[in-house]
Amino acid sequence: MPASSRFTVAVFGAAGYAGSLAARLLYNHPSFDLRWVTARSDVGRRISDVYPQHRVPMVMEEADIDRHGDVDAAIVAYPHGASAPFVAQLRARGVKVVDLSADFRLRDVETYEEWYRPHPEPELIANAVYGLPELYRDQIIGAELVANPGCYPTATILALAPLARAGAIADVVVDAKSGVSGAGRAATDQTHFVTVDENVHAYGVPRHRHTPEIEQELAVLGNETMITFTPHLLPLDQGELVSCYVTLADPTVSTGELESLYHDAYDGEQFIELVREPAGVRAVRETNICRISLHRDERTGRAIVFGAIDNLWKGTASEAVQNLNLMFGLPEGAGIGA
C-alpha cells in the first residue's frame, strides 16, 4: 500500500505490556503508519530499550493531545478511569479509538461505578461497541469507539457463547488462570519473583471486576445467569486458560448437539480453533488464536469447556489490532499473523 494511503495511528500508553505489543504490531503493519508512541513512564526512552524483543526504535513521548492527536486512529492503553477523559479528547477530534481499559465495556453506568469508580465520561458509553469481533463484527465495522474486552472475558465469553446463544446454561463456574503479565507492568514490577515462582494462588475472591462484563455478554446472547468466576495467578509470563463447568439447562442434550453449537458458531472463524483435547496455553502463545475444547461429563450431566489464549495477544493487543482492521475496512488478520 502506498505511504499516502496508509492510515496514521498512535499508541497512548506504550510503556506497558499491552501498549508496547500493540506498538510492535502496528509498527510492522502493512496498512497503518505508527506516528506516535506515548507513555506515562519511561518518557524519552525507545520502546526497544524497555522491550528489546519488540524491536520498535521509536521514542516514547509525554502525551500531548495537540501534537499527537492528529491521527486517523489510536489505541489507548491507560488504566481504568484515566482512559475515558483522554478518549473523549481524541473522539472530539474525530480520531477512531480502540480503548483497552474497562471504561466503555459495561453498558450500564451504575454497574461500572459499582465495580470500578465514578465514570468520568458516561455520555460516550452508548457510542462504544464491545470489541469481540467473533460476536460483534458487523457493529465493529465502521465503529468509531471500540471497547476492547478484558483478557478473561475474551476467553470466557468465546468459550461459552455457543451455549449462551442456545440458552443452554443454567449455572456456570469459571476457574480462570493467567500468567503474571495479566496484572500489568506496574503490578508485576512490584511482585517479587519468590511470590509467584513454584506457586499458584487465587485472587479477586469473591468479587472480581470482570464478572459483570462476562454476565453482561452472556445476557446479550440470551442467557441471563449469575456466574462464579475465580481467577488464579500462575508462574508464567503470559498465557491464559479458563475452565468452565456448566450445569446445562437441559441435562438430556446430547454431546453431538453441543458440538454442533460450537461448529455452527466457529467453523468460519479464522482465529478460533476447536480441538478435542483440553486446550493449553503453549499452543496459542504469541498468536491471536482462541483454542476451545468441549467435553461432556455424562456422570454429572455437566459440560466442561476450556478456552486458551495468550492474554497479551488475543486477550489484549492483537485483538485491538483485529478491531482496528475491521474499523478501517482492512483484512481482519492483517498485521497479526493471518
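Residues numbered from 1 in each chain as written. Predicted model: local features only at pLDDT ≥ 70, side-chain atom pairs only at ≥ 80, totals over all residues. Heavy atoms only, no water.

**Thoughts on the nonpolar core**
Part 1 of the reasoning: With 85 residues, the main nonpolar core has Leu26, Val37, Ile75, Cys244, Val246 and Leu324 as its most contacted residues.
Part 2 of the reasoning: In terms of residue count, helix α7 (residues 151-165) provides more of this core than any other element does, nine residues in total.
Part 3 of the reasoning: Excluding residues that lie within four positions of it along the chain, Val37 makes contacts with Val11, Ala14, Ala23, Ile47, Met58, Val59, Met60 and Glu61.
Part 4 of the reasoning: Within the second largest apolar cluster, 20 residues are counted, among which are Phe12, Val71, Val87 and Ile125. (Core = buried A, V, L, I, M, F, W, Y, C linked by side-chain atoms within 4.5 Å. Buried < 20%, exposed > 50% of the residue type's maximum accessible area, 1.4 Å probe, protein only. Helix = DSSP H or I, 4+ residues; strand = E, 2+ residues; numbered from the N terminus. Contact = heavy atoms within 4.5 Å.)

**So, the sheet that holds strand β13 (residues 302-309)**
Part 1 of the reasoning: What the seven strands build is an open sheet, ordered β8-β9-β7-β10-β13-β12-β11; its pairing is mixed. In this open sheet, the two edge strands, each paired with only one partner strand, are β8 (201-202) and β11 (272-274).
Part 2 of the reasoning: Of the strand pairs in this sheet, strand β10 (residues 240-248) and β13 are connected by seven bridges, and their pairing is antiparallel. Looking at the pairing, Val242 lines up with Gly307 of β13. (Pairing = 2+ DSSP bridges.)

**Examining the sheet that holds strand β5 (residues 129-130)**
Part 1 of the reasoning: If you trace the six strands from one edge of the open sheet to the other, you get β2-β1-β3-β4-β6-β5, paired in parallel fashion. Across the chains shown, the open sheet's two edge strands, defined by having one partner strand only, are β2 (32-38) and β5.

**A short note on unusual backbone geometry**
Generally, phi is negative for residues other than glycine and the peptide bonds are trans, each holding for most cases.
Part 1 of the reasoning: A cis amide bond, omega 0°, links Val205 with the succeeding residue Pro206.
Part 2 of the reasoning: If you trace the backbone, Pro206 turns up in the loop between β8 and α10 (211-220).
Part 3 of the reasoning: The backbone of Asp42 shows a phi angle near 60°, a positive value even though the residue is not glycine.
Part 4 of the reasoning: The class for Asp42 is buried, based on a relative accessible area of 17%.
Part 5 of the reasoning: Unlike most non-glycine residues, Glu286 shows phi in positive territory, near 55°.

**Some words on the side chain of Asp42**
Part 1 of the reasoning: For Asp42, the location among the structural elements is in the loop between β2 and α2 (47-50).
Part 2 of the reasoning: Side-chain polar atoms of Asp42 contact the side chain of Ser41, separated by 3.5 Å. (Polar contact = N/O pair within 3.5 Å; in protein donor to acceptor, adjacent residues only side chain to side chain.)

**Focus: the packing of α7 against helix α12 (residues 313-327)**
Two packed helices can be described by the angle between their axes and the distance between those axes.
Part 1 of the reasoning: Contact pair α7 / α12: the axes reach a minimum separation of 8 Å and the direction vectors enclose 100°. For the element pair α7 / α12, the angle class is roughly perpendicular. Only Lys314, Gly315 and Glu319 of α12 make contact with α7, whose side of the interface consists of Cys151, Thr154 and Leu158.
Part 2 of the reasoning: A class-by-class count of the residues in the contact of α7 with α12 yields two nonpolar, two polar and two charged. (Axes fitted to C-alpha atoms, helices over the stretch in contact; angles between N-to-C directions. Parallel < 35°, antiparallel > 145°, perpendicular 65-115°, else oblique. Nonpolar A, V, L, I, M, F, W, Y, C, P; charged D, E, K, R; others polar.)

**Considerations on the environment of Val37**
Part 1 of the reasoning: Within the secondary structure, Val37 sits in strand β2.
Part 2 of the reasoning: Remark: the alpha-carbon pair of Val37 and Gln270, spanning 233 residues in sequence, is separated by 29 Å.

**What to know about the packing of helix α6 (residues 133-140) against α12**
Part 1 of the reasoning: Interaxial distance between α6 and α12 falls to 10 Å at its minimum, and their mutual angle equals 30°. Classified by the interaxial angle, the pair formed by α6 and α12 is roughly parallel. Relative to α12, the crossing made by α6 is right-handed. Residues Pro133, Glu134, Arg137 and Ile140 of α6 form the contact with α12, whose own contacting residues are Lys314, Glu319, Gln322, Asn323, Leu326 and Met327.
Part 2 of the reasoning: Along the lines of polarity and charge, the residues of the contact of α6 with α12 split into four nonpolar, two polar and four charged. (Left-handed = near helix turned anticlockwise from the far one by under 90°.)

**Here we look at the pattern of salt bridges**
Part 1 of the reasoning: For the structure shown, the criterion picks out 16 salt bridges.
Part 2 of the reasoning: In this structure, the salt-bridge partner of Glu217 is Arg107, at a minimum N-O distance of 2.5 Å. With Glu217 in helix α10 and Arg107 in the loop between β4 (96-99) and α5 (109-115), the pair connects residues that are 110 residues apart, well separated along the chain.
Part 3 of the reasoning: For Arg107, a relative accessible area of 42% gives the class partly exposed.
Part 4 of the reasoning: Residues Asp175 and Lys177 are paired through a salt bridge, measuring 2.5 Å at the closest nitrogen-oxygen approach.
Part 5 of the reasoning: Linked by salt bridges that have partners in common, Glu134, Lys314 and Glu319 make up one network. (Salt bridge = Lys/Arg side-chain N within 4 Å of Asp/Glu carboxyl O.)

**Concerning the packing of aromatic side chains**
Part 1 of the reasoning: Evaluation of the coordinates by the stated rule reveals ten aromatic pairs.
Part 2 of the reasoning: Each residue in the set Phe7, Phe32 and Phe328 is aromatic and connected to the rest through ring pairs, giving one cluster.
Part 3 of the reasoning: Above the ring of Tyr78, the side-chain terminus of Arg40 is found at 5.2 Å from the ring centroid.
Part 4 of the reasoning: Lys96 extends its terminal NZ or CZ atom over the ring of Phe328, reaching a point 4.8 Å from the ring centre. (Phe/Tyr/Trp six-rings, centres within 6.5 Å; stacked < 30°, edge-to-face > 60°. Lys NZ or Arg CZ within 6 Å of the ring centre and 35° of its normal.)

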